[in-house]
Amino acid sequence: MDFETFFAKTPATLDEIRTRVAYALERHPLCCSVQFDIVSMPRTSKGNWTISLQSVTPDALWEVSDIVADIQEAYDLAVAA
């Protein structure tokens, strides 16, 4: 089995990542009012996008961080053709 392929991140557009993050945050009762923006950044071994968060309540900070980290592990911002 090719583990590199198995653990490879799925390429996604900016809109797809934004949608996935929005749906994931909306499903959590503490995170449903969090506002965010996807920020593209230079490609590194960890990825090539991050999230800028606004209006996160202190009790939701850990949950939001976990949700975002899970999505960042799974998706890589696709390079525009």
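Notes on the structure in this doc start here. (Residues numbered from 1 in each chain as written. Predicted model: local features only at pLDDT ≥ 70, side-chain atom pairs only at ≥ 80, totals over all residues. Heavy atoms only, no water.)

1. So, the overall build of the protein
Then step 1. Of regular secondary structure, the protein possesses three helices and four strands.
Then step 2. Across the protein, helices and strands are ordered from the amino to the carboxyl terminus as α-β-α-β-β-α-β.
Then step 3. Expressed as a percentage of the 81 residues in the protein, the buried residues total 26%.
Then step 4. By sequence separation, contacts in the protein at least 24 residues apart represent 52% of the contacts at least 6 residues apart.
Then step 5. As displayed, the protein offers around 5,800 Å² of accessible surface, 58% of which is attributable to carbon and sulfur atoms. (Helix = DSSP H or I, 4+ residues; strand = E, 2+ residues; numbered from the N terminus. Buried < 20%, exposed > 50% of the residue type's maximum accessible area, 1.4 Å probe, protein only. Contact = heavy atoms within 4.5 Å. Areas by Shrake-Rupley, 256 points an atom, 1.4 Å probe, with all protein chains shown as cover.)

2. A look at helix H2 (residues 14-27)
Then step 1. Helix length check: H2, at 14 residues, gives a terminal C-alpha distance of 20 Å against a target of 20 Å (1.5 Å per residue), a fit within 8%.
Then step 2. Along H2, the residues classified as buried are Ile17, Val21, Ala24 and Leu25. Around the axis of H2, the buried residues are gathered within 95° of arc, so they sit on the same side. Seen from the open side of H2, the exposed residues pointing more than 90 degrees away from its buried face are Asp15, Tyr23, Glu26 and Arg27. (Expected span 1.5 Å × (residues − 1). Arc of directions from axis to C-beta.)

3. Observations regarding helix H3 (residues 61-74)
Then step 1. Spanning 14 residues, H3 covers 20 Å between terminal C-alpha atoms, matching the ideal 20 Å at 1.5 Å per step.
Then step 2. Those residues of H3 that sit buried are Val64, Ile67, Val68 and Ile71. Buried residues of H3, seen end-on, are gathered within an arc of 95° and therefore sit on one face of the element. Pointing more than 90 degrees away from the buried face of H3 are the exposed residues Trp62, Asp70 and Glu73.
Then step 3. If you follow the buried residues of H3, they end up packed against H2, strand S3 (47-54) and strand S4 (75-77).

4. A short note on the packing of H2 against H3
Then step 1. Closest axis-to-axis distance for the H2/H3 pair is 10 Å, and the angle between their directions is 145°. H2 and H3 meet at a crossing whose hand is right-handed. Within the contact between the two elements, H2 uses Arg20, Val21, Ala24 and Leu25 and H3 uses Val64, Ile67 and Ile71.
Then step 2. Taken together, the residues of the contact of H2 with H3 sort by class into six nonpolar, no polar and one charged. (Axes fitted to C-alpha atoms, helices over the stretch in contact; angles between N-to-C directions. Left-handed = near helix turned anticlockwise from the far one by under 90°. Nonpolar A, V, L, I, M, F, W, Y, C, P; charged D, E, K, R; others polar.)

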